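# Architecture at a glance
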Amino acid sequence: MSEIFRKVFGGLDLTWPKLIAAAVSAGVITAAAAIIPGLYHTSFIAITVTFELWILFGIIIIMNSKSNLDSALKCFVFFLISQPLVYLIQVPFSQLGWQLFVYYRYWFIWTLLCFPMGFVGYWMKKDRWWGYLILLPMLVLTAFSYMTYFSDFLFSMPRYILITLFCACAMILYPSAIFKNAKIRTVGAALGAVAVIVLTVLCLLDPPVYDTEIMANGETYRFDGSYTAYLADKKYGEVEIRYMDSVEDYMLHADFRRSGDTLLTLVSPAGEKTEYALHIERDRCEVTRVSPAAETGG
């Protein structure tokens with residue numbers, strides 16, 4: 001395993017043709033992850049929205065460059081090719097069409113920053129203590145991703161386990177893979193392990209909750225404060241009918257704690273029950289009436 005690390009983080013012959021081929025491949029793979037519906041709400045969607053895998057690509061480029069300028073140029077060109085390609089490939093498959101490129105503005109700013117980051121990042125190869133400080137911002141960004149995806153994992157087990165493990169391993173292994181100095185490698189790995197433990201405990205102490213209003217009294221649904229509501233399986237969370245001053249009407253509020261499928265039941269004052277199939281995700285839910293007559297709601 002150590003031989004693989006040494007090869008990837010400093011032993012590759014990273015020519016310009018190889019870099020361009022890698023940039024195109026990264027763009028195509030990322031676009032595919034964004035297009036394929038079956039990959040939504042899985043670890044594979046992470047590359048389309050957060051930094052952790054792109055940080056890995058950047059570090060590999062830096063560690064296999066020949067100078068500060070070579071590192072800066074290769075980091076910049078890699079992201080200049082891969083990022084717009086992600087959006088270009090998605091255009092035919094998106095309802096937004098070319099308007100999809102409005103989201104590229106954010107990534108273009110980071111692409112511009114790749115030049116100075118690649119230039120400074122090359123100094124990690126000097127194998128000094130201050131090299132760890134250069135690495136530290138990348139570790140912090142990976143730590144934020146770890147908290148996000150570990151929280152998503154707790155909500156949607158076993159989904160997001162791969163990206164969660166990747167982030168945890170990256171925080172521990174980057175110092176060992178990048179530096180040759182034994183003390184830097186040991187201390188860096190130890191700090192990464194401590195960070196993983198602390199962040200894990202924080203997430204466990206504050207488990208994720210998706211709070212939302214899933215129904216509003218009106219044409220589609222009819223209920224008021226005299227109705228009651230409950231879920232067939234309480235492990236998915238709790239529901240409650242509330243009067244909302246903002247809309248001056250009743251709404252069905254939910255605090256979801258797990259993704260999956262369950263049954264929602266509304267009970268009238270007369271004891272009449274209306275059942276709805278409820279599909280829960282981390283940031284959305286779908287409600288479908290199943291009794292007494294089939295009807296789909298939002």
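Residues numbered from 1 in each chain as written. Predicted model: local features only at pLDDT ≥ 70, side-chain atom pairs only at ≥ 80, totals over all residues. Heavy atoms only, no water.

### Looking at the pattern of salt bridges
A full pass over the atoms with the stated rule returns 6 salt bridges. The salt bridge involving Asp-70 is made with Lys-74; its shortest N-O contact spans 3.2 Å. Taken together, the positions of Asp-70 and Lys-74, both in helix 4 (residues 68-90) and 4 residues apart, correspond to about one turn of that helix. Across this residue pair, the class does not change: Asp-70 and Lys-74 are buried. A salt bridge links Arg-159 to Glu-281; the nearest nitrogen and oxygen atoms lie 3.2 Å apart. (Salt bridge = Lys/Arg side-chain N within 4 Å of Asp/Glu carboxyl O. Helix = DSSP H or I, 4+ residues; strand = E, 2+ residues; numbered from the N terminus. Buried < 20%, exposed > 50% of the residue type's maximum accessible area, 1.4 Å probe, protein only.)

### Brief notes about the sheet that holds strand 3 (residues 237-244)
Taking strand neighbours across the sheet as the criterion, the 3 strands line up as 1-4-3 in an open arrangement whose pairing is antiparallel. The open sheet has two free edges, formed respectively by strand 1 (210-216) and strand 3, since each of these has just one partner strand. The sheet shows a mean angle of 30 degrees between the axes of neighbouring strands, direction not considered. Inspection of the sheet shows strand 3 paired to strand 4 (residues 249-256) by 8 bridges, in the antiparallel sense. Across the sheet, the residue bridging to Glu-238 is Asp-255, located in strand 4. (Pairing = 2+ DSSP bridges. Axes fitted to C-alpha atoms, helices over the stretch in contact; angles between N-to-C directions.)

### Description of the packing of aromatic side chains
One pass over the structure, following the stated rule, counts 22 aromatic pairs. Between Phe-9 and Tyr-174, the ring centres sit 6.5 Å apart and the planes meet at 70 degrees, which makes this aromatic pair edge-to-face. Of this pair, Phe-9 sits in the loop between helix 1 (2-8) and helix 2 (16-35) while Tyr-174 sits in helix 7 (residues 161-178), and the two are 165 residues apart along the sequence. Classification of Tyr-174 as buried rests on a relative accessible area of 4%. The residue whose ring lies beneath Lys-74 is Trp-16, and the NZ or CZ to ring-centre distance is 5.7 Å. (Phe/Tyr/Trp six-rings, centres within 6.5 Å; stacked < 30°, edge-to-face > 60°. Lys NZ or Arg CZ within 6 Å of the ring centre and 35° of its normal.)

### Topic: the packing of helix 3 (residues 52-63) against helix 4
Between helix 3 and helix 4, the least distance of the axes is 9 Å, while the angle of their chain directions is 145 degrees. The handedness of the crossing between helix 3 and helix 4 comes out as right-handed. Where helix 3 abuts helix 4, its residues Trp-54, Phe-57, Gly-58, Ile-61 and Ile-62 lie against Ser-71, Lys-74, Cys-75, Phe-78, Phe-79, Ser-82 and Gln-83. Class assignment for the residues of the contact of helix 3 with helix 4 results in 7 nonpolar, 4 polar and 1 charged. (Left-handed = near helix turned anticlockwise from the far one by under 90°. Contact = heavy atoms within 4.5 Å. Nonpolar A, V, L, I, M, F, W, Y, C, P; charged D, E, K, R; others polar.)

### Some details on the packing of helix 7 against helix 8 (residues 182-205)
Contact geometry for helix 7 and helix 8: axes closest at 7 Å, N-to-C directions at 170 degrees. Put simply, helix 7 runs roughly antiparallel to helix 8. Counted together, Ala-168, Met-171, Ile-172, Pro-175 and Ser-176 of helix 7 and Ile-184, Arg-185, Gly-188, Ala-189, Gly-192, Ala-193, Ala-195, Val-196 and Leu-199 of helix 8 form the full contact between these two elements. Split into classes, the residues belonging to the contact of helix 7 with helix 8 amount to 10 nonpolar, 3 polar and 1 charged. (Parallel < 35°, antiparallel > 145°, perpendicular 65-115°, else oblique.)

### Details of the environment of Ser-82
Tracing the chain through its elements places Ser-82 in helix 4. Sequence separation between Ser-82 and Ala-21 is 61 residues, and the spatial gap between their C-alpha atoms is 9.8 Å. With residues up to four places along the chain from it excluded, the contact list for Ser-82 reads Ala-23, Ala-26, Gly-27 and Trp-54. At 2.8 Å, the side chain of Ser-82 forms a polar contact with the backbone oxygen of Phe-78. (Polar contact = N/O pair within 3.5 Å; in protein donor to acceptor, adjacent residues only side chain to side chain.)

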